[in-house]
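Residue-level structural notes
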Amino acid sequence: MKKQLRKAITVLLAVIFVCSSALLGWHLYQNKQAEELYQRVSELAGLPQENVLEALKELDLREDHKPTQSAYEGLDAAYSRILQNVDLGGLYSENNDLIGWILLPGTRISYPLVQGDNNEYYLNHGWDHSWNTAGAIFLDYRNSGDLSDFNTVIYGHRMDNRSMFGELHNYKKEGYWETHPSIFIRDGNGCYRYDIFAAYETGTNNTYSRQITDHDDRSQWITECLQQSVIDTGIQPTTSDRFITLSTCTGTGHSTRWVVQAVWRGTSTH
């Protein structure tokens, strides 16, 4: 009886090992497919990653180097030039869900930005509609596609290889924010710069409110964001500002999300 029990346990462990290995292999395969997909779209857009990194070096915005004031002053013009090279027309012909391109200087976050008719489809479909667990970077379907809402919510997975929104968790450290303070989005109307003012873990609560019109409600929303933030940027937004909220998972379950929030600071059209 004991011999049969040991044999059954051995078989069970072998099955578990094979299944685990298969799942790991499938996960690695999906990561590789996603990396190749988004490398191809960068090339299609005319924005190869090496060009972005070269521009960062010229601006002295490397991860290990705190930018100088002159580098900050050159951000708008430099990233406007970089993102104006993105062939949005070519990308739109591939997927008319395209909104534009999102880029965080000094990070791997440089992706096409899309918007579907729900918040589920792009969780497991790449920007080109191919099925992939990495999904895409996408706007909440209830937001205006021209980024004009009080708060525009943008979602992306937290991948183990730090792709997609996997690097947003670095904003738990104030030092990281100091060297990565801005977010850029290019659409058909121009290049938008947003300055990060808050980062924190939260539930699906008021953080995700999108179209707040009442002055007092807006003020309360801003106060709540600042109070929850684990970094102190010194930025004090106003109720007349517009915001973006980048949202990803925490890796500790589905009850909370990690968010990085930024306030619109200007648009360059050339």
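See the structure shown above.
Residues numbered from 1 in each chain as written. Predicted model: local features only at pLDDT ≥ 70, side-chain atom pairs only at ≥ 80, totals over all residues. Heavy atoms only, no water.

Side note on the pairing of strand E2 (residues 110-114)
Taken residue by residue, a regular strand's side chains alternate between the two faces of the sheet. As a reminder of what qualifies: The rule is simple: take the accessible area with a 1.4 Å probe, protein chains only, and divide by the maximum for that residue type; under 20% is buried, over 50% is exposed, in between is partly exposed. Numbering of helices and strands runs from the N terminus; a helix is a DSSP stretch of H or I covering at least four residues, while a strand is a stretch of E covering at least two. For two strands to count as paired, DSSP must find a minimum of two bridges between them.
The buried fraction of E2 is high, at five of five residues. Pairing analysis gives five bridges linking strand E1 (residues 98-103) to E2, with the strands arranged antiparallel. Across the sheet, the residue bridging to Ile102 is Tyr111, located in E2. Hairpin connection from E1 to E2: six residues lie between these consecutive antiparallel strands, with Gly106 at a positive phi of about 80 degrees. Taken together, the two bridges between E2 and strand E3 (residues 137-139) define a ladder with parallel strand orientation.

Comments concerning the nonpolar core
Selection criterion: Throughout this description, the term nonpolar core refers to a set of buried Ala, Val, Leu, Ile, Met, Phe, Trp, Tyr and Cys residues connected via side-chain atoms within 4.5 Å. Any two residues having at least one pair of non-hydrogen atoms within 4.5 Å are treated as being in contact.
Judged by nonpolar contacts, the single largest core of 66 residues is most densely connected at Trp101, Ile102, Ile154, Leu168, Tyr171, Ile183 and Leu246. Excluding its chain neighbours within four sequence positions, the residues that come into contact with Ile183 are Ile102, Leu103, Leu104, Tyr192, Arg193, Tyr194, Ile196, Ile244, Leu246 and Ala262.

Remarks on the pairing of E1
Across the six residues that make up E1, a large majority, six, are buried. With three bridges connecting them, E1 and strand E5 (residues 182-187) associate as antiparallel partners. Bridge pairing in E5 places Trp101 opposite Arg186.

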